[in-house]
Amino acid sequence: MTPYDFLMDFALMSILLFIAQLMRAKLKIVQKFLLPSSLLAGFMGLFFGKQFLNIIPFSDSVGSYPYMLVVFLFASLFIGNEGGGSFKQTMDDVGDTFFVNSSVYFLQYGAALVIGGLILKVFYPNVSEAFSVLMPGGFIGGHGAAAAFGGAFEELIGWDEALPIAQTFATIGLVFGVLGGIVLINIATRKKWTRFIKTMQELPVGMRTGMNPSEEHDVLGIETVNNMSLDTLTWHFMLVLIATCGGYFTTNYLQGLFPKLSIPMFSVSMLYGVLVQFILKKINFSKYVDRRIISHVGSFATDYLVSFGIATIKISVVIKYAMPILILTLIGAVFCVSYLLLVSRKLYQKYWFEKGIFIFGWSTGVVAIGVTLLRIVDPKYQSKTLEDYGMAYVFMSFIEIGLIATLPSLIVNGYSLISGITCFIVGFILLGLCAKKYGIYKGPDDQLRPGEIDVNFN
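No experiment lies behind these values; they were computed from the predicted model shown.

Chemist: Where do I start with the overall build of the protein chain in this structure?
Modeler: Across its full length, the protein chain carries 17 helices and zero strands. A globule of 458 residues ought to have a C-alpha radius of gyration of about 23 Å, and the protein chain, at 22 Å, matches this closely. With the principal axes as the frame, the protein chain shows a C-alpha extent of 70 × 55 × 50 Å. By the burial criterion, 52% of the 458 residues in the protein chain qualify as buried. In the protein chain, the proportion of contacts linking residues at least 24 apart, taken out of those at least 6 apart, comes to 79%. Element-wise, carbon and sulfur atoms account for 67% of the exposed surface of the protein chain, whose accessible area totals about 21,300 Å². Each charge sign in the protein chain was given a centre, from 32 positive and 29 negative side chains, and these centres are 7 Å apart.

See the structure below:
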C-alpha cells in the first residue's frame, strides 16, 4: 500500500459522501428515515466495491480504516473538556453506564450458551458445543472477537469451520445493527422517546435535509491560535493525533509484553486524550482549546468511520450451518431489542434511548455502529453517551478480555452450560446493583427525565 492508495481511498469515499449528501437533501424517503449521509455512502461503497459490481477501486487495506478511525475518535473525547464536577459526581454519572453496559456482555453470552446451546443440543446434536458462543463473539465482539474465538477453537479442538462461522455472525450483526437500529429510531421518534430529534414534521429544515438554510447557520468554533504561527484547525487536529499516537504505541508495547492479552487501543487512546488535557491545563494552555472544534474533528472521523465500516462489511454465508446460524441470530436479535426496551428504558435515569440505542449498536456489531445510531438521535453528542462509555470501558475492557480469554477453554472442556449460567447470574447481579444504587425509572417514557435538556426545535 502506498500513501496515494490511502489518499485515494478517502477521496473515493468523499465522492460517495457528496452523492449521499445530495440524496439526503433531495430525496424524501431518505429524509423520512433520518438516514445520515455516511450510512448511504457506506452502502454505496459496499454495492459498488469489490464484493459486488467492482466499480470503485478501493485498496485492499480499506477494511483497516474503521477501527483506526475509532481510535482517533476516542482520542478526541476528553480534549478540551474542562470537567466541572467532583470525582464522586463523575462516578455517579458514569456508574449506571458501567453497570448497564457491562451486563450486556454477560447476559448475551449467557443467552447464547444456555438458550442457544440447549436448542442446538436438541435439534442439531452433531453441531459442536462451541457453536453457540460464536454468536455473541460476532455480535457483541465484532469481527475482532469473532476471529479470536474462531482461532481459539481451531487451535484447541481443530475446528477450522469456527472462524468463517464467527465472521458470518459478525457480519449479520453489523447489518442487523444498522437496519434494526434505524427501525427502532423511527419508532422512538414517533413515540417521542428521543430528546434531540423529534418526528419529521417537527424537525427543522436543516435536520431533515442535511443542509442548513442561512438562518440556521452556526459558527464552527473560535480561532484560539494566531494563523501566522499555526492554523487553528491544525492545532486542534494535532492534539487529537498526539493522543492517538500515544494510544497506538502504548498498546503495541503492552501487547509485545503480554502477547496473549488483547488490549483495546481506542480505550488507551482515550486515556491519552485525558493526559493531553491534563498537560494542557498544567501549562495553562487549555484556554486555547475550543471544545466545539475538537467535537467537529471527532465528527469528521465519525463520518468516514461509518462509511468505511459499512463499505467493508464481508458478505459471507456458511450454507452448511444455515439453520443453526438463523436460530442463534434470532436469539441475539431478540435479546438486543429486549435489552433496549426493558433494561435501558428502566435503568438509565436520563437519555435512556440515546444511551440504549448506542448499546444496541455496539452489542450487535461494533462501536462504530453504536456511534452511527447515536449520531442519528444525538447529532451533537449532547447526551454525553460517548464520554460516559469511554470512561466506563476502561473497566469494562477487563470483562470483555476476560470472557474472550476464558470461555473457549471452559467450553471445550465441557463447561458450556455452567459458563452460560454463570454469565446469567453475574449479568443480573450487575443490573441489581444498578437498580439499587440509581433506582428504577417508573415515569412516562415520552416526558423529560430529571437532568435532561429541553431542546427547542421551533
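Chemist: Quick question: what am I supposed to make of the pattern of salt bridges here?
Modeler: When charged atoms on two side chains of opposite charge get close, those side chains can pair. In the structure shown here, the tally under the stated rule is eight salt bridges. Of the charged contacts in the structure, one is a salt bridge between arginine 345 and aspartate 445, with a shortest N-O distance of 2.8 Å. Here arginine 345 is found in helix α13 (residues 322–347), whereas its partner aspartate 445 is found in the segment after α17 (416–438), with 100 residues between them in sequence. The two residues arginine 345 and aspartate 445 agree in class, both being buried.

Chemist: For this particular structure, what's the right way to read the environment of phenylalanine 278?
Modeler: Within the fold, phenylalanine 278 resides in helix α11 (residues 265–282). The sequence separation of phenylalanine 278 and tyrosine 288 amounts to ten residues, and the corresponding C-alpha distance is 13 Å.

Chemist: I'm lost on the packing of helix α1 (residues 3–26) against helix α3 (residues 37–48) in this one. Help?
Modeler: With their axes 8 Å apart at the nearest point, α1 and α3 run at an angle of 125 degrees to one another. For the element pair α1 / α3, the angle class is oblique. Handedness of the α1/α3 crossing: right-handed. Packed against α1, whose contacting residues are Met13, Leu16, Leu17, Ile19, Ala20, Gln21, Met23 and Arg24, the element α3 presents Ser37, Ser38, Leu40, Ala41, Met44 and Gly45 at the interface. Here the residues of the contact of α1 with α3 sort into nine nonpolar, four polar and one charged.

Chemist: Got a minute to help me understand a nonpolar patch on the surface in this structure?
Modeler: On the surface, a cluster of nonpolar side chains totalling about 520 Å² of accessible area is made up of Leu118, Leu417, Ile421, Ile425, Ile429 and Leu433. The biggest single contributor to the nonpolar patch is α17, with five residues. Inspection of the secondary structure assignment puts isoleucine 425 in helix α17.

Chemist: Explain the nonpolar core here, please?
Modeler: Across soluble globular proteins, you tend to see nonpolar side chains buried next to one another. Ranked by internal contacts, the top residues of the largest apolar core, which has 127 residues, are Phe74, Phe131 and Trp362. Counting residues per element, this core draws most heavily on helix α5 (residues 87–123), which supplies twelve residues. If near-sequence neighbours (up to four positions away) are discounted, tryptophan 362 is found in contact with Asn101, Val104, Tyr105, Phe139, Ile140, Val367, Gly370, Tyr389 and Met396.

Chemist: Would you mind going over the packing of aromatic side chains with me for this structure?
Modeler: What characterises a pair of aromatic rings is the spacing of the ring centres plus the angle enclosed by the ring planes. Applying the stated criterion across every chain, the model contains 33 aromatic pairs. The interplanar angle of 80 degrees and the centroid separation of 5.2 Å between the aromatic rings of phenylalanine 47 and phenylalanine 48 together place this pair among those described as edge-to-face. Under the relative-accessibility criterion, phenylalanine 48 is labelled partly exposed at 28%. Each residue in the set Phe6, Phe10, Phe58, Tyr65, Phe72, Phe237, Phe300, Tyr304 and Phe308 is aromatic and connected to the rest through ring pairs, giving one cluster. Note that lysine 437 overlies the ring of tyrosine 438, its terminal NZ or CZ placed 5.5 Å from the centroid. One residue, arginine 449, lies across the ring of tyrosine 441, its end atom 3.6 Å from the ring centre.

Chemist: How should unusual backbone geometry be read in this particular structure?
Modeler: A negative phi holds for most residues other than glycine; trans holds for most peptide bonds. The backbone of asparagine 54 shows a phi angle near 55 degrees, a positive value even though the residue is not glycine. Turning to its location among the elements, asparagine 54 is positioned in the loop between α3 and α4 (65–75). Overall, the relative accessible area of 49% leaves asparagine 54 in the partly exposed class. Of note in this structure, asparagine 284 is not a glycine but carries a positive phi near 65 degrees. Tracing the chain through its elements places asparagine 284 in the loop between α11 and α12 (291–311). Overall, the relative accessible area of 46% leaves asparagine 284 in the partly exposed class.

Chemist: How should I be thinking about the packing of α4 against α12 in this particular structure?
Modeler: A pair of packed helices is characterised by two quantities: the angle between their axes and the separation of those axes. Axis separation between α4 and α12 bottoms out at 8 Å; the angle between their running directions is 160 degrees. By the angle between their axes, α4 is roughly antiparallel relative to α12. Crossing of α4 over α12 shows left-handed handedness. Contacts between α4 and α12 involve Tyr65, Pro66, Leu69, Val70, Phe72 and Leu73 from the former and Val297, Gly298, Ala301, Thr302, Tyr304, Leu305, Phe308 and Gly309 from the latter. Grouping the constituent residues of the contact of α4 with α12 by class yields eleven nonpolar, three polar and no charged.

Chemist: Looking at this structure, how should I read the side chain of aspartate 290?
Modeler: Looking at the element boundaries, aspartate 290 is found in the loop between α11 and α12. Separated by 3.0 Å, the side chain of aspartate 290 and the backbone nitrogen of arginine 292 make a polar contact. Beyond its immediate stretch of four places on either side in the chain, aspartate 290 contacts Gly221, Ile222, Thr224 and His236.

Cut-offs used in this document
Residues numbered from 1 in each chain as written. Predicted model: local features only at pLDDT ≥ 70, side-chain atom pairs only at ≥ 80, totals over all residues. Heavy atoms only, no water. Helix = DSSP H or I, 4+ residues; strand = E, 2+ residues; numbered from the N terminus. Rg over C-alpha atoms; globule rule 2.2 N^0.38 Å. Buried < 20%, exposed > 50% of the residue type's maximum accessible area, 1.4 Å probe, protein only. Contact = heavy atoms within 4.5 Å. Areas by Shrake-Rupley, 256 points an atom, 1.4 Å probe, with all protein chains shown as cover. Lys, Arg positive; Asp, Glu negative; His and termini not counted. Charge placed at Lys NZ, Arg CZ, Asp CG, Glu CD. Salt bridge = Lys/Arg side-chain N within 4 Å of Asp/Glu carboxyl O. Axes fitted to C-alpha atoms, helices over the stretch in contact; angles between N-to-C directions. Parallel < 35°, antiparallel > 145°, perpendicular 65-115°, else oblique. Left-handed = near helix turned anticlockwise from the far one by under 90°. Nonpolar A, V, L, I, M, F, W, Y, C, P; charged D, E, K, R; others polar. Patch = residues over 30% accessible without salt bridge, like charges linked within 9 Å, V, L, I, M, F, W, Y side chains within 5 Å. Core = buried A, V, L, I, M, F, W, Y, C linked by side-chain atoms within 4.5 Å. Phe/Tyr/Trp six-rings, centres within 6.5 Å; stacked < 30°, edge-to-face > 60°. Lys NZ or Arg CZ within 6 Å of the ring centre and 35° of its normal. Polar contact = N/O pair within 3.5 Å; in protein donor to acceptor, adjacent residues only side chain to side chain.

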